[in-house]
Amino acid sequence: MLQCEFHYQKKGFSLAATIQMQCSVLGIIGPSGAGKTTFLKLLLGLQQPQAGFIHLNQQILTDIDKKIHIPMHQRSMALVFQQAMLFPHMSVQQNLLYAKKWTQLKQEKFHLNEIAELLEIDHLLQRQVQQLSGGEAQRVSIGRALLSSPELLLLDEPLTGLDAKLKQQILPFFARIRDEMQVPMIYVTHHHEELAQLGAEIVAFKDHRLSNV
């Protein structure tokens, strides 16, 4: 079980809640501007709140009053954005191996060949990222995140911009990550059907409140 307790303020937005994640995938839905992406960035440590605290499994990640802020590379998390955001001057393999720099302070959980096979990108390793389709690029982005050996995978609308066919190709890979790699995920999306296919628990951000769905 994953438990996240938070009470924070950020750019006029405030939210206080406790999330208890009973299964492997927690889905977060809500309208644009509700704070879903901000929550993921604060959880990862990519941003700091102006006030408040964030605890994960009773570990203090951020506490403004106590002047505690655990650096992003020490939080054992990885975030996959809406866009793949790959390095254009690197090959697919180089992009994937770039994640290894984040494993220096913790035990390496996954290996390149294992992840490439899981995501079916092993035949793409020597390609330049400009040669990839949208679905291929997003799988490389997911692979890079996994190779940082996260204890928690954060997904910020990872299928946005992909057509229905590509979405149906990528969703099974998230299921394999859940089942074979046993990496828990927090999955932000506007689409309930994506979460339903992954058997996710679902909570909603709305009007600065968090509620079960």
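The following refers to the structure shown. (Residues numbered from 1 in each chain as written. Predicted model: local features only at pLDDT ≥ 70, side-chain atom pairs only at ≥ 80, totals over all residues. Heavy atoms only, no water.)

**Some words on the overall build of the protein**
Then comes step 1: The number of helices and strands found in the protein is 6 helices and 11 strands.
Then comes step 2: Its C-alpha radius of gyration of 17 Å places the protein within 12% of the 17 Å reference for a compact globule of 213 residues.
Then comes step 3: Relative to its 213 residues, the protein shows a buried fraction of 51%.
Then comes step 4: Pairs at least 24 residues apart make up 70% of the contacts formed inside the protein by residues separated by at least 6 positions.
Then comes step 5: With an accessible surface of roughly 10,400 Å², the protein has 48% of that area assigned to carbon and sulfur atoms.
Then comes step 6: For the protein, the distance from the average site of its 20 positive side-chain charges to the average site of its 19 negative ones is 7 Å. (Helix = DSSP H or I, 4+ residues; strand = E, 2+ residues; numbered from the N terminus. Rg over C-alpha atoms; globule rule 2.2 N^0.38 Å. Buried < 20%, exposed > 50% of the residue type's maximum accessible area, 1.4 Å probe, protein only. Contact = heavy atoms within 4.5 Å. Areas by Shrake-Rupley, 256 points an atom, 1.4 Å probe, with all protein chains shown as cover. Lys, Arg positive; Asp, Glu negative; His and termini not counted. Charge placed at Lys NZ, Arg CZ, Asp CG, Glu CD.)

**Digging into the layout of surface pockets**
Then comes step 1: By volume, the second largest pocket amounts to about 340 Å³.
Then comes step 2: For the second largest pocket, the lining is made up of 20 residues, of which Leu2, Asn57, Glu151, Leu152 and Pro184 are closest to its centre.
Then comes step 3: Here the residues of the lining of the second largest pocket sort into 10 nonpolar, 7 polar and 3 charged. (1 Å grid on protein atoms, 1.4 Å probe; cavity = no way out; pocket = protein on both sides within 12 Å on 5 of 7 lines; lining within 4 Å. Points joined across faces, edges and corners; volume = space filled by probe spheres on them. Nonpolar A, V, L, I, M, F, W, Y, C, P; charged D, E, K, R; others polar.)

**Things to note about the packing of aromatic side chains**
Then comes step 1: Throughout the structure, instances matching the rule amount to 5 aromatic pairs.
Then comes step 2: A centroid spacing of 5.6 Å and a plane angle of 85° characterise the contact between Phe174 and Tyr187, whose relative ring orientation is edge-to-face. Note that Phe174 is positioned in helix H5 (residues 164-181) and Tyr187 in strand S9 (residues 185-188), a separation of 13 residues in sequence. For the pair shown, Phe174 and Tyr187 are each scored as buried.
Then comes step 3: Members of the aromatic cluster, joined through ring pairs, are Phe6, Tyr8, Phe39 and Phe205. (Phe/Tyr/Trp six-rings, centres within 6.5 Å; stacked < 30°, edge-to-face > 60°.)

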